[in-house]
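# Close look at the chain arrangement
Read off the chains here:
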Amino acid sequence: MFVLTLLPTGLTLTCATASAGSPTFKWLQGSTEVSGQTGAELTLTYGSNPSGEYTCHAILNTVESDASAATTVATHVAITPASPSGADAATVTMTCSADATTATYVWKKGSTAITGATTAEYAYTVAIADADASGNVGFTCEATANSVMGTATVNFSVKPQQPTITATGMPITASGGTGTLTCATASAGSPTFKWLQGTTEVSGQTGAELIRTYGSNPSGEYTCKATINTVESDASAAT
């Protein structure tokens, strides 16, 4: 059994027999004859609900051959957005589309079916705990029409929640005085941090606290980013 997927460009099936003569052909989708199709080629058009098993018969001198082996055509499936991403605790909706009018759907996270996720749309509440070491969560949509299943898979990129900065001892007004900026994210895990003064990274500063000392040119706008599982958050608001 051959399995093909109908892409938006369409698909043509060709039937042939080794018997001499000028045959006509009969095409069947499952057990139903495809009306009006008596040529050697059957062109399937995207959007025409074409999934299923196809066979053909050759007819010579009114005598019909046995059916060919079945060729299975799976529905074309796509997930949008194609490269989904979101911050921890946000809700992001993914949509599964299938070239079938009567498709049924199953969403999976990794290899596990998601309870209740059986419609074309799935709203995922982003959880950094779901992500692998690269910060990705794999999702698959299975769409079945005419007993034939097509699949699509995406990697969802999970970012830590945008951090916030709190300041103590600021502004620094006395010679030798210090002030502390503290960066924090609500995402669970063991984050490291990147500090920026304007657009320039503060070298060697990967902890949650950044201490600024009077006389060390500390003035400017500071932001921070949190990194968990090698994935970096959006920048905090500037302080």
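Residues numbered from 1 in each chain as written. Predicted model: local features only at pLDDT ≥ 70, side-chain atom pairs only at ≥ 80, totals over all residues. Heavy atoms only, no water.

## Observations regarding the pairing of strand β12 (residues 104-109)
- Here β12 runs beside strand β15 (residues 136-145); their pairing, made up of six bridges, is antiparallel. Its bridge partner lying in β15, Y105 is registered against A143.
- One ladder, built from two bridges, connects β12 with strand β13 (residues 112-113); its direction is antiparallel. Residue pairing for β13: K108 is matched across the bridge by A113. (Pairing = 2+ DSSP bridges. Helix = DSSP H or I, 4+ residues; strand = E, 2+ residues; numbered from the N terminus.)

## Looking at the packing of aromatic side chains
- Counted by the stated rule, this structure contains six aromatic pairs.
- Ring pairs connect the aromatic residues W107, Y122, Y124, F139 and F156, which therefore count as one cluster. (Phe/Tyr/Trp six-rings, centres within 6.5 Å; stacked < 30°, edge-to-face > 60°.)

## As for the nonpolar core
- In terms of nonpolar packing, the biggest core is built from 27 residues, with M94, W107, Y122, Y124, F139, F156 and V158 touching the most fellow members.
- For this core, the elements supplying multiple residues, two or more each, are β9 (77-80), β11 (91-98), β12, β14 (121-125), β15 and β16 (148-159).
- Element by element, the count of residues in this core is highest for β15, at five residues.
- If we skip the residues at most four places from it in the chain, V158 touches G86, Y124, V126, A127, I128, A131, G135, V137 and V231.
- Within the second largest apolar cluster, twelve residues are counted, among which are L13, C15, L44 and V73. (Core = buried A, V, L, I, M, F, W, Y, C linked by side-chain atoms within 4.5 Å. Buried < 20%, exposed > 50% of the residue type's maximum accessible area, 1.4 Å probe, protein only. Contact = heavy atoms within 4.5 Å.)

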